[in-house]
Amino acid sequence: MCTAPTRPQPEAAPDGPNEDHFAVGDGWALVLDGAGRYPNESGGCIHPVTWVVARLGAHLSRHLAERPEQPLTAIARSAIEATMADHGPACDLSHPLSPGATAAIIRLRDDQVEWLVVGDCAVVIDQGQGEPTSIIDDRVDRLPGAPVVEGRVRTYSPAYVATIRNRPGGFWVLGAAPAAAEHALTGALPQRSVTQILRCTDGVSRLTERYGWGWSAVFALCEEGGPEALIRAVRSAERDDPNPRRWRGKRHDDATVVVLRMDQVYA
Ligand SMILES: [Zn+2]
């Protein structure tokens, strides 16, 4: 059984450091996924992506705990600004490839479940009937004419990303542009209409986006085997993929999932 919240399950990709981050507090939870370093690009910053993700996670957690009256967009903006202040004078935060993170945040406030999603993290809401509702910010996948570079992994060219990252009409990540907070996807539903909520990084949502799973099957596997079973399913699908280079990005990515079951919130 998934507990409330389920034991969060972050797992680094087999070939690198874990740039995912999660935190769970009283009535809120978040996952972050590091976004940023391109080969031979410093992004104007002397810090590793893991440092940026940890600073964002710490500021978001503190503001979620201390400022329950503020909208999630205001909390995200404050966390970006506090993270920017942490960098110090050695970093050029005006650099268009400055490292940051994608994020999925949920909060229980009054009688609502609120969410904020930016980048390619996902919030998925199960209302107990029908197919769950997924909130995924896929703007990065819908950039018209985006040039893909064939390197060690397939990726957008850094020069192109520099022209559309944290820009209107492009895509947004939390890190060095406070306006990203206002460009996040946000919404709310009555708590009593929600059965369970899943937040995950794109290392997990590729089960549905690449490998044909439905979100109902994802929830069912989590119920049966816990988040560990989901991570095993991701790694198995990646290993069995006959042509992993058809996808942009790494064959294995960091994978983090947190599930909150509302019946246990009310228990
Ligand atoms: Zn820095």
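Remember, predicted model here, so these are calculated numbers, not experimental data.

**Q** Teacher, can you tell me more about the overall build of the protein here?
**A** For the protein, the count of helices and strands is 6 helices and 12 strands. A buried classification covers 53% of the 267 residues belonging to the protein. Restricting the contact set of the protein to residue pairs at least 6 apart, pairs at least 24 apart contribute 72%. Looking at the protein as shown, the accessible area adds up to about 11,300 Å², and 52% of this sits on carbon and sulfur atoms.

**Q** Mind showing me how you'd approach helix H4 (residues 202–209) here?
**A** The buried fraction of H4 amounts to 7 of the 8 residues, a majority that puts the element mostly inside the structure. Within the sequence span of H4, burial applies to Asp-202, Gly-203, Val-204, Ser-205, Arg-206, Leu-207 and Thr-208.

**Q** Please explain the side chain of Thr-208 as it appears in this structure.
**A** By secondary structure assignment, the location of Thr-208 is in helix H4. Once residues within four sequence positions are removed from consideration, Thr-208 is found in contact with Trp-213, Gly-214, Trp-215 and Val-218.

**Q** Would you take a moment to explain unusual backbone geometry for this structure?
**A** Note: most residues except glycine have negative phi, and most peptide bonds are trans. Phi at Asp-110 takes a positive value of approximately 55 degrees, unusual for a residue other than glycine. Residue Asp-110 is classed as exposed on the basis of its relative accessible area, which comes to 71%. Although it is not a glycine, Asn-166 adopts a positive phi angle of roughly 55 degrees. Structurally, the position occupied by Asn-166 is in the loop between helix H3 (158–164) and strand E10 (185–190).

**Q** Looking at this model, I keep getting lost on the nonpolar core. Mind explaining?
**A** The tendency in soluble globular proteins is for nonpolar side chains to be buried as a group. Core analysis: the largest hydrophobic core is formed by 25 residues, its most contacted members being Leu-30, Leu-32, Leu-60 and Leu-174. Mapped onto this core, the elements with two or more residues apiece are strand E3 (28–35), helix H1 (49–66), helix H2 (72–87), strand E4 (100–109) and strand E5 (112–118). Here this core takes 6 residues from H1, the largest share from any one element. Excluding anything up to four places from it in sequence, Leu-32 contacts Glu-19, Asp-20, His-21, Val-53, Leu-56, Gly-57, Leu-60, Ala-101, Thr-102, Ala-103 and Thr-201. Among the nonpolar cores identified, the runner-up in size contains 21 residues, and Val-124, Leu-207, Ala-229 and Leu-230 belong to it.

**Q** Sorry, what's going on with the pairing of E4 here?
**A** Taken residue by residue, a regular strand's side chains alternate between the two faces of the sheet. Of all 10 residues that make up E4, 9 are buried, and the element is covered over most of its length. Summarising the sheet, E3 and E4 pair through 8 bridges and their orientation is antiparallel. What sits directly across from Ala-29, in E4, is Ile-106. Here 7 bridges tie E4 to E5, and the two strands are oriented antiparallel to one another. Within the sheet, the bridge partner assigned to Ala-104 lies in E5 and is Val-117. Here E4 folds back onto E5, and the loop between the two strands holds 2 residues, one of which, Asp-110, carries a positive phi near 55 degrees.

**Q** Can you help me understand the coordination of the zinc ion in this one?
**A** Metal coordination angles in their ideal form are 109.5 degrees for the four-donor tetrahedron and 90 or 180 degrees for the six-donor octahedron. Looking at the zinc ion, the protein donor atoms are Cys-45 (SG), His-47 (ND1), His-87 (ND1) and Cys-91 (SG), and they sit 2.1 to 2.3 Å from it. One way to put it: the 4 donor atoms around the zinc ion meet at angles of 102 to 118 degrees, and that makes the site tetrahedral. Each donor residue of the zinc ion belongs to the same chain, and together they define the spacing C-x1-H-x39-H-x3-C. Of the two residues, His-47 sits in the loop between E3 and H1 while His-87 sits in helix H2, which places them 40 residues apart along the sequence. Comparing His-47 with His-87 shows no difference in burial state: the two are buried.

**Q** What is the right way to read the environment of Val-148 from this model?
**A** Topologically, Val-148 is positioned in strand E8 (residues 148–150). A relative accessible area of 34% places Val-148 in the partly exposed class. Once the C-alpha coordinates of Val-148 and Pro-158 are considered, the two residues, 10 residues apart in sequence, prove to be 9.7 Å apart.

Calculation criteria
- Residues numbered from 1 in each chain as written.
- Predicted model: local features only at pLDDT ≥ 70, side-chain atom pairs only at ≥ 80, totals over all residues.
- Heavy atoms only, no water.
- Helix = DSSP H or I, 4+ residues; strand = E, 2+ residues; numbered from the N terminus.
- Buried < 20%, exposed > 50% of the residue type's maximum accessible area, 1.4 Å probe, protein only.
- Contact = heavy atoms within 4.5 Å.
- Areas by Shrake-Rupley, 256 points an atom, 1.4 Å probe, with all protein chains shown as cover.
- Core = buried A, V, L, I, M, F, W, Y, C linked by side-chain atoms within 4.5 Å.
- Pairing = 2+ DSSP bridges.
- Donors = N, O, S within 2.8 Å, 3.2 Å for Na, K, Ca; no water.
- Tetrahedral: all angles 85-135°; square planar, octahedral: opposite > 155°, others 65-115°.

Just distances and angles here, no functional claims.
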